[in-house]
Every structure is written in C-alpha cells, then in structure tokens.
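Coordinates in review
Given next are the chains, with one letter for each unit.
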Amino acid sequence: MKMRPLGATGLNVAPIGLGAAQLGSSEYDHSKEIVFKALDMGVNYFDTARGYWDSEIKLGKALKGERENVIVSSKTTGKTKEEAANHIEESLQRLQTDYIDNYHLHALSDLDDVDVRLGGPLEALLEAREAGKIRHIGVTGHTFPSVLVAALKRFKFDTFLVPLNIVEREPLAELIPLALETKLGVTIMKPVATGLLPAPLALRWLMNQPIAVAVPGATTVAEMEQNATIGAQDDHTLSEAEEAEVTQWALDLATDRCRICMECLPCPSDIEIPGTLGTDVMYNHYRSMGPAKFAEFPWEISRVEDEWQKRESTIAKIDDHAACDSCMQCESRCPYGLPIVSMLRSMSPNMKDMLDIWSKESSKV
Ligand code: SF4
Ligand code: SF4
C-alpha cells in the first residue's frame, strides 16, 4: 500500500488500518485470522483501547513476532494521573509489549473534560513517554470537533482520532485544517458510520480526504480484505456516479445517523442513547450480517453474557413507551433533529431477535 506520513511522528502508515473494537466480539481464533489477513495485505496501523473488551489481549497475541513491523495505538479514559498511569501499565501487559507507539487520552467529552484530562492524565502520559513506555501522545473525541480544537490549542499532541465519513464531515471545517497546520497525524474512526454506509464507497471517499489513516473495524476476514484492497488502490478518484452516490448517502443519513455528540443526555429513564444509536458494535454486527450469519458467528462467550444483561435492560426501558411519550426531552436537545424515540423503538425488535438467536445458539454462549 502507498504509505502516508503520520503527522510529524516519523512513522509511515498504510491508509487503511484495523480498528480493533470488533475483535472483542469473536473467539480468539476468528479474531486472529482477521489480524493475519490485515498483516498479509500490508496494513500496519492497529488501533485498540482498554475499553474495547479484550481486544488488546487478542491483538497482543496475534501480533507476536510482528511487533517491530506494526504501529500499535491504544487509549485511556482515566480521569486522574494514577488511573491513566495504571491503564498504560495494563495496556502494555495486555498487548504483550514494552512500548506502545501511540497512546491517546480517549473520548474527551466537553470543555470541562478537556481541563480534567489535560491535567493529571496528560502528566501520566508525558511521564510514560519520557520512560519510553509510549512513543507518541494522541487524543480522541466523538462529540463536537470544537472540544478537540480546544485540546489541540492547549497541548501539542502528536496525533488525534475523530469520526469522519460521508455523513459526518464536521471535522473538515476547522479541526483537520488546524491539525494539518500543526503537523498532527490525522487518524479516522467511524469511517463507515458504524455500518450504515457501504464500505467500498465510504472508504474510497475517505481516501481522498487529508488524513493519514482510517481504522475501519472488520468482523470477517473478507471484510478485512475488502477494506485493505481499497487502501491499496492507486487511484481513489471518484467517478461521477460515485460522487452522486456520496451526495445521496449524505442526504439520506443526515437525520438518521447519531453523531454521538451526547447533547441528548441525561435521559430520565437512563437509556444510553448515543451508545445505543451511535456506537453499538453488536447491533452493527446484526444489521450488517443479517440474522443467519449472526447466528453462525463464533461469539466470545464473556462478551455476549455482558451484552445480554445490558441489552435486556435497554430493551425494557425502550419498551416503556409511556415514559418516553411523556418526556421527549432528548429530541428537543438533539442538534441534528434525529427522531430519537422512533429510532430506539425501531431497534427494539432487532435487539430482541439478537437475544433470541443467542439463546437458541446456547451451545455457543
Ligand atoms: S424521551 Fe425517552 S429516551 Fe428520550 S430522554 Fe425521555 S425517556 Fe429518555
Ligand atoms: S441522538 Fe442526537 S443528541 Fe444524542 S448523541 Fe446522537 S446526535 Fe447527539
């Protein structure tokens, strides 16, 4: 693959990496095959996080023997220096390595959080960098790009990770130009809008943006191969027909894609609205695989058990229609005008079907 510089880090990256969150969903043997396919295809950037279930552990195991040839990224959501320092040690152990190339302050939520995270947690990362445990310091955010703009203006990060795709283009206005000006490595999550966009088109569009690397997840070896093949193409210029498709997808999903901005919270019923509508990896699996393939998937037992409990509780809250009907606070707060309540209700039957499938396939769970 044609490599791109990762900002001023001195590292060069293939433009398609692997976002490892989905490795937490399947048994190790399945996850390993995805990582091996990525390596075979020339992918060299692997993005994980402590919060992505056991993906650090699986990635560390699968990358054994390849450590010097790859760039590993991980993250902490720690709010204190001690917590972040502990997270770094845990990540090192779980990844079976003595250094992490790129370590992020993960998911800065608002300006108050910028104050908190650029205090003690950043100190922990600076000390770890000094000690050679991490090599570069990054930052991630899912909410408004202005939060990351504020963070980038206060500290000279090496890289950052933000959502960018055909529907969510907000970072192109100020955040990415600022990053390019200051030579930060631009890394991209949610490139296919959590499975809502067709990957070939979405990734080809993204390859034309001023980014270093996008980190789509992959549920199967075939998906990994498809993503890496797009990264390896010499020419990503979109045809007129593709441009028209991009425009249509942007219009179609404008009021159907949660941007994970958190503005709808708090919910009096305690429904994790952004987590349900915007970042639900398991639901994404169900939607993209369809029920039959979902049933055949080699699920990671501990993950499914955890998901099962959370999902039963979410379904019960969504199905309490009277509570939402007398509230509707979230919809009045959503800056993108999403019909949140009907979106949640339309997910409920599919979530029940997911539980049903897991139940029938109980030998696997
Ligand atoms: S309408 Fe329902 S989902 Fe929205 S905030 Fe109220 S209780 Fe929560
Ligand atoms: S539902 Fe709307 S307000 Fe809530 S996180 Fe998504 S985009 Fe933001």
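Residues numbered from 1 in each chain as written. Chains lettered and ligands numbered in written order. Predicted model: local features only at pLDDT ≥ 70, side-chain atom pairs only at ≥ 80, totals over all residues. Heavy atoms only, no water.

Now for the side chain of Asp-47. For Asp-47, the position within the fold is in strand E4 (residues 45–47). With near-sequence residues (within four places) excluded, Asp-47 lies in contact with Leu-18, Gly-19, Ala-20, Tyr-52, Ser-73, Lys-75, His-104, Leu-161 and Val-215. (Helix = DSSP H or I, 4+ residues; strand = E, 2+ residues; numbered from the N terminus. Contact = heavy atoms within 4.5 Å.)

Turning our attention to the packing of helix H1 (residues 28–40) against helix H2 (residues 55–62). Following both chains from N to C, one finds H1 and H2 inclined at 60°, their axes separated by 9 Å at the closest point. As far as their axial angle goes, H2 and H1 are oblique. The handedness of the crossing between H1 and H2 is right-handed. Contacts between H1 and H2 involve Tyr-28, Ser-31, Lys-32, Val-35 and Phe-36 on the former and, on the latter, Lys-58, Leu-59, Lys-61 and Ala-62. In terms of residue class, the contact of H1 with H2 is built from 5 nonpolar, 1 polar and 3 charged. (Axes fitted to C-alpha atoms, helices over the stretch in contact; angles between N-to-C directions. Parallel < 35°, antiparallel > 145°, perpendicular 65-115°, else oblique. Left-handed = near helix turned anticlockwise from the far one by under 90°. Nonpolar A, V, L, I, M, F, W, Y, C, P; charged D, E, K, R; others polar.)

With that settled, consider unusual backbone geometry. With omega at 0°, the peptide bond leading from Leu-265 into Pro-266 counts as cis. Unusually for a residue other than glycine, Lys-190 sits at a positive phi of about 50°. On the secondary structure map, Lys-190 appears in the loop between strand E9 (185–189) and helix H8 (199–207). The backbone phi angle of Met-328 is positive, close to 60°, even though this residue is not glycine. One can find Met-328 in the loop between helix H14 (321–325) and helix H15 (329–333). Assessed through its relative accessible area of 30%, Met-328 is described here as partly exposed. (Buried < 20%, exposed > 50% of the residue type's maximum accessible area, 1.4 Å probe, protein only.)

Looking now at the site of ligand 1. Inspection of the region around ligand 1 gives Cys-267, Pro-268, Ser-269, Ile-271, Ile-273, Cys-324, Cys-327, Met-328, Cys-330, Val-341 and Leu-344 as its neighbouring residues. Cavity membership is defined here by more than half of the atoms lying within 2 Å of grid points; on that basis ligand 1 lies in the second largest cavity. In the shell around ligand 1, the residues fall into 10 nonpolar, 1 polar and no charged. (Near = heavy atom within 4 Å. 1 Å grid on protein atoms, 1.4 Å probe; cavity = no way out; pocket = protein on both sides within 12 Å on 5 of 7 lines; lining within 4 Å. Sits in = over half its atoms within 2 Å of the grid points.)

Right, let's get into the layout of surface pockets. If you add up the space inside the second largest pocket, you get close to 190 Å³. Considering the residues around the second largest pocket, the lining is formed by 15 residues, among which Asp-256, Leu-277, Arg-287, Met-343 and Met-347 are closest to the centre. Residue assignment for the lining of the second largest pocket shows that the elements contributing at least two residues are helix H11 (273–277), helix H12 (281–296) and helix H16 (340–360). Ranked by residue count, the leading element in the lining of the second largest pocket is H16, at 3 residues. (Points joined across faces, edges and corners; volume = space filled by probe spheres on them.)

Before going further, it helps to examine the side chain of Asp-101. Tracing the backbone shows Asp-101 in strand E6 (residues 100–105). Classification of Asp-101 as buried rests on a relative accessible area of 5%. Reaching out from Asp-101, the side chain makes a polar contact with the side chain of Arg-67 at a distance of 2.8 Å. Beyond its immediate chain neighbours, meaning those up to four positions away, Asp-101 contacts Arg-67, Val-70, Ile-71, Val-72, Arg-135 and His-136. (Polar contact = N/O pair within 3.5 Å; in protein donor to acceptor, adjacent residues only side chain to side chain.)

What follows is about the domain arrangement of the chain. You can read the domains of the chain as domain 1 (4–239) and domain 2 (273–360). Here the C-alpha centre of domain 2 lies 25 Å away from the C-alpha centre of domain 1. Each partner contributes to the interface: domain 1 provides 17 residues, whereas domain 2 provides 18 residues. Both sides of the domain 1 and domain 2 interface together cover about 1,500 Å² of buried area, and 57% of this is carbon and sulfur. When residues of domain 1 are sorted by the area they lose upon contact with domain 2, Ser-25, Trp-53 and Thr-194 head the list and together hold 37% of the total. (Domains from an automatic or database assignment. Buried area = accessible area lost by both parts, 1.4 Å probe.)

Spanning 12 residues, helix H9 (residues 221–232) covers 16 Å between terminal C-alpha atoms, matching the ideal 16 Å at 1.5 Å per step. Summarising the contacts, the buried residues of H9 are in contact with strand E3 (18–19), H1 and H8. (Expected span 1.5 Å × (residues − 1).)

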